[in-house]
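Results of the structural survey
This is what each chain is made of:
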Number of protein chains: 2
Amino acid sequence: MSGEALLITTFLDHARDHAPDREIIDYVDGVCVRRSTYREQDARVRRLAGALVTLGVRPGDRVATLAGNHHRHLELYLAVPLAGAVLHTVNLRLEPEEIAYVVDHAEDTVLLLDAALRPAAAPARAARPGMRVVVLDGEPESGELAFEDLVVGGDPFEGPPPRDEDDLAALCYTSGTTGAPKGVAYTHKALYLHTMAAGLADGHAIGRRDRVVHLVAMFHANAWGVPLAAFMVGADQILPGPQPRVADVAAIVERERATYLGMVPTLAVDLVAHARRNGTDLTSLRALVLGGSTPSRELVRAIEEDLAVPAFQGWGMTETSPMATFSRPEPEATPDERYAQIQRQGRLLPGLRWRLVDEDGADVPHDGISRGELLLRGPWVASAYFRGDRPEAFVDGWLRTGDVATIDPEGRLRVVDRVKDLIKSGGEWISSLALEQALLESPGVADVAVVAVPHERWQERPVAVVVPDADGVDTTKVLAALDGRVPRWWCPDRVEIVDALPRTSVGKVDKRRLRGALREAHLGGSHKLGGDDDSREHADHS
Amino acid sequence: MSGEALLITTFLDHARDHAPDREIIDYVDGVCVRRSTYREQDARVRRLAGALVTLGVRPGDRVATLAGNHHRHLELYLAVPLAGAVLHTVNLRLEPEEIAYVVDHAEDTVLLLDAALRPAAAPARAARPGMRVVVLDGEPESGELAFEDLVVGGDPFEGPPPRDEDDLAALCYTSGTTGAPKGVAYTHKALYLHTMAAGLADGHAIGRRDRVVHLVAMFHANAWGVPLAAFMVGADQILPGPQPRVADVAAIVERERATYLGMVPTLAVDLVAHARRNGTDLTSLRALVLGGSTPSRELVRAIEEDLAVPAFQGWGMTETSPMATFSRPEPEATPDERYAQIQRQGRLLPGLRWRLVDEDGADVPHDGISRGELLLRGPWVASAYFRGDRPEAFVDGWLRTGDVATIDPEGRLRVVDRVKDLIKSGGEWISSLALEQALLESPGVADVAVVAVPHERWQERPVAVVVPDADGVDTTKVLAALDGRVPRWWCPDRVEIVDALPRTSVGKVDKRRLRGALREAHLGGSHKLGGDDDSREHADHS
């Protein structure tokens, strides 16, 4: 066999040669602002890669982006690896000081950013005075270059192309709620295989028929790997621009007859409500893939019944490139079985391996009942962090996911908790996630988080922080609704009613912040814990 | 990333862990003789690998099979690579002397064979007296071991497992009609990637929902790669046994509710006729994939309309592992457009690259009209033959396919001829394949081959060898039907009516033999050219 290296840049050639007229479409605030093709994009990407080399970018250099979901960011997804460099997509929701930390840790040599994000980048620029800065839109300010000048003025990249499949192509930092962000560095080979997996009929099944909407933030774990998959198969790609509202997303799907949309459950709840209210036709979607947290049964039902759109769940993490499992219901399942299956995290993608282990590292059975920490390994699973940070997250080449899970005999994963979110009460474990699911299914509850607070006698006890829905709810009702649905001793000692939950930069509930606040005081009936339920924000929390 | 090696043996683990209860089903003469599971198979494969090591098989050794499509052959597909050795699936339709040639060329250390094939193996055994011989079924004769003794007595393989993805896992010889057979050696990595490609939504899309029937001979280019794909996704596998008749195949599909069936067009014609005659319900098939030669429009129409089964075409060769392109009609195509699209060889699988070149090696445009020889390269495309045979089949790492083709601007391949089957008449080229297609669409024609015969004035001229259908046909009718459908100077100088066409060991028309016969004499009205239209034989000609 030819021993061809597995390079993601071959997907650039593939899109140009096999889907030259397929589209790259840009929206801003729900309005289409640009339609282009793979043929046109290919020329831009090659000139851009040439310009990066002229700018001094050398093989292996890290090149940072701080940008929303638009065609220029997409061009960088392939131009940077084509130049032999490593694309570092910086999480634009980090605090400016955290951005400075990751840019400095990665030793980025170039930063390409949206003009609107200049304030967020200021400390990073101060920390790395030699770093070249390119503004993606608008006029460059002093010391900056303009992206379009690079593209227009660049000589097409002449090579040498990346040669080794084990060379790095991309870098993402986790937004871990514990300690400093850790870098996950992706080789060409890992992303190539992950891209193949994204096209599998048993997985996301991204194919040429698709018109994918990139709602998942492009800084977030390679946007779930969907852009590279779209390149590979020549699918149309639709970029909704900065901070799209739910109404914008619905309009884009309807107008463009989009077929694939991935999003977090929180946002999907808003999308369902919007579509029901406005009668939006989303039936062009062949897949609405939920990820980031476990969807409620009612959300899955509403997507499948009210919207008539097939729902799926994908699961993974930055450390797994990120797709690791996919939940595709069995063909013969009844609707009730379907919803339950989609609520599971699903089956392991082929090529990966998993283990469930107890606290001593011993394997626990895959019986659907026994719980253990999930370990993963495989060609697109990290076995170390960038620069060797936090080595305790890996054991014998296996990634410790930090997730507590069960695996049923049929091979379906169910994540039941984060290791650090388990609540130890009187020597027994309470699953904060299971308790949250039960609470979410109670009348009057729109959103909920359960955290542990220290307790003198029981060691820890659960406290529920509840966001009421339009009908409203109170502590008594919340506790009454749990009766008989969870063990009596699981029932929270306190229920706090709040307007919104605090969230991290990628949209997960910030439990560290919640625990801190709860230790200090009751939160009061209408206290805002720093969360922001503006749906403009949720969209790129995914 | 973990840098996990890409080993096909990981699919064995995957099937056991993720689909333990899915089935391996054996049929003989249309009767089910065995039902087993991946769990049971896994234990057998591991003991078998252990037994092979005990037998003296060392990493890198070649282990030959001479066997039909049954579970023991399937077990060897993974047991041999698990032991670190190379599975050499010998074409059981070769002449005994050719079998001796390939076994000797490969230096096989063990031969595992069906008892019925002992006569075919006799010269090979004489040529390699040190080779261990294992009989797969029935009682061992003197000097032979019994397969079941190995499986029952073997200690489960303890390792070390194969370590390097660039190690060889399998070996097939082409049955080339020119010169001696050439070996194509497959690395673990090549087969791993090919298996991923077989699961792509845009390709064969083999998935967990599938129940695949292995009608394609298991000696033939890894049975198109379908068995490994089934392992990877945990699909059910149905083995129809030695020489199944068309009636058996139809009954198996109907009884087992099979979903995927691959076969050559010649056999598909018989299957359609059988199903129509008997009202067989084949609608459980989600895909009937045609390969080996271009199907007629009528065959495609009959599969889709009369059987109500979606038809596809896959194209490739032993040198491409073997899948290189897949023809999946566009979703919005009309029936007529669908049939035309399925008659094309289709789109290149992602990961591969192609070129069309003229006689000087210069690229010709992909305009759907310009013809050139197709060159291929990629992670599962050979860049050399085993032991360096016939180096002229490769140029700068590209495989010269020997096929003349066009590629349209949308990236659809159409193979129009073999380089060696073009007919040069008066300085211009006549496509024997295009002429055959036109003849096949003429009334009264069941099968046809066009070959060149030397001509004093024009250099070469076409001769058509026609097999009439039940309605019958004569020379005048054949020529009249061509009128206006091909250039006048393409019309064959002679039309020979025969009962059947001679075929090679893999079911292709043996044009070398036809040319020889035609040079010697007219064939006469009812001369049999050595072909055998018994459908029991066709089944494993695929």
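An account of the accompanying structure is given in this report. The shown structure was predicted, so the numbers you read here are calculated from the model rather than taken from an experiment.

Calculation rules
- Counting restarts for each chain: residues are numbered from 1 in the order of the written sequence.
- Whichever chain is written first becomes A and whichever ligand is written first becomes 1, with later ones labelled in order.
- Per-residue local features are limited, in this predicted model, to residues with pLDDT of at least 70; the limit for side-chain atom pairs, both in listing and counting, is 80 or more; totals at the level of whole chains, interfaces and linings are taken over all residues.
- Only heavy atoms go into the side-chain values, all of them from the structure, while hydrogens and water stay out.
- Alignment of copies: least-squares fit on C-alpha atoms of residues with pLDDT of at least 70 in both copies.
- We call two residues in contact when some of their heavy atoms are within 4.5 Å.
- When two parts are brought into contact, each loses some accessible area as probed by a 1.4 Å sphere; the total of that loss over both is the buried area.
- Each reported salt bridge corresponds to a side-chain nitrogen of Lys or Arg within 4 Å of a carboxyl oxygen of Asp or Glu.
- Two N or O atoms form a polar contact when they lie within 3.5 Å of each other; inside protein one atom must be a possible hydrogen donor and the other a possible acceptor, and for residues adjacent in sequence the pair counts only when both atoms belong to side chains.
- Secondary structure elements follow DSSP: runs of H or I no shorter than four residues count as helices, runs of E no shorter than two count as strands, and numbering proceeds from the N terminus.
- Cavities and pockets were defined on a 1 Å grid built from protein atoms only: a cavity is a group of points that admits a 1.4 Å probe but offers it no way out, a pocket is an open group of points flanked by protein on both sides within 12 Å along at least five of seven lines, and a lining residue is one with an atom within 4 Å of any such point.
- Grid points are joined across faces, edges and corners, and a volume is the space filled by probe spheres set on the points.
- In the scheme used here, Gly and all other residues not listed as nonpolar or charged are polar, with Ala, Val, Leu, Ile, Met, Phe, Trp, Tyr, Cys and Pro taken as nonpolar and Asp, Glu, Lys and Arg as charged.
- What goes into a patch is any residue over 30% in relative accessible area without a salt bridge, connected to like charges within 9 Å or, for nonpolar side chains (Val, Leu, Ile, Met, Phe, Trp, Tyr), within 5 Å.
- Accessible surface is estimated by sampling points in the Shrake-Rupley manner with a 1.4 Å probe; for residues, cover comes only from the protein chains shown.
- One bridge is not enough; two strands pair if DSSP finds at least two bridges between them.
- Axis lines are fitted through C-alpha atoms, for helices just across the contact stretch, and the angle between N-to-C directions can take any value from 0 to 180 degrees.

For the pair chain B and chain A, the superposition axis carries a translation of 0.0 Å, the fit reaches an RMSD of 0.1 Å, and the rotation angle comes to 180°. Here the symmetry operator amounts to a two-fold rotation axis. Of all interface residues in chain B, 100% are interface residues in chain A too; the two copies therefore contact each other through one and the same surface.

Further remarks concern the interface of chain B and chain A. With 51 residues of chain B at the interface, the matching set in chain A holds 51 residues. Surface buried jointly by chain B and chain A totals about 4000 Å² across both partners, of which 57% is contributed by carbon and sulfur atoms. When the buried area of chain B at its contact with chain A is split by residue, M1, E4 and M196 of chain B rank highest and sum to 20% of it. Summed over the shared surface of chain B and chain A, the number is 8 salt bridges. A salt bridge links R208 of chain A to E410 of chain B; the shortest N-O distance between them is 4.0 Å. One can count 10 residue pairs in polar contact (both at pLDDT 80 or more) joining chain B with chain A. Elements supplying a minimum of two residues to the side of chain B that touches chain A: α1 (9-18), β9 (183-187), α7 (188-198), α8 (226-233), β16 (346-348) and β17 (353-357) of chain B. Looking at the side of chain B that touches chain A, the element that brings in the most residues is α7 of chain B, giving 6 residues.

Another point: empty space enclosed by the protein. Scanning the model with the defined rule gives 10 cavities of 30 Å³ or more in all. If you add up the space inside the largest cavity, you get close to 80 Å³. Secondary structure elements with two or more residues in the lining of the largest cavity: α3 (71-82), β4 (86-89) and β8 (168-173) of chain A. Class assignment of the residues belonging to the lining of the largest cavity gives a composition of 8 nonpolar, 2 polar and no charged. The wall of the second largest cavity is formed by I8, Y77, P81, L87, A169, A170, L191, N222 and L228 of chain B. For the lining of the second largest cavity, the elements supplying multiple residues, two or more each, are α3 (71-82) and β8 (168-173) of chain B.

This brings us to a nonpolar patch on the surface. On the surface, a nonpolar cluster with roughly 230 Å² of combined accessible area is contributed by V28, V31 and V33 of chain A. In this fold, V28 of chain A is placed in strand β1 (residues 23-28).

Quick look at the sheet that holds strand β5 (residues 108-113) of chain B now. Strand-to-strand pairing in sheets goes through backbone hydrogen bonds, with the strands running parallel or antiparallel. Residues and elements named next belong to chain B. Spatial ordering of the open sheet is given by β7-β6-β5-β3-β4-β8-β9, a layout of 7 strands whose pairing is mixed. Each having just a single partner strand, β7 (144-146) and β9 make up the two edges of the open sheet. Between one strand axis and the next, the sheet turns through 25° on average, direction left out of account. Pairing of strand β4 (residues 86-89) with β8 involves 2 bridges; the strand directions are parallel. Pairing of H88 across the sheet is with L171, part of β8. Across the sheet, helix α4 (residues 96-106) lies against β3 (62-66), β4, β5 and β8, angled at about 150° from β8, the strand it touches most. Where α7 meets the sheet, it contacts β8 and β9, and its direction lies at approximately 80° from that of β9.

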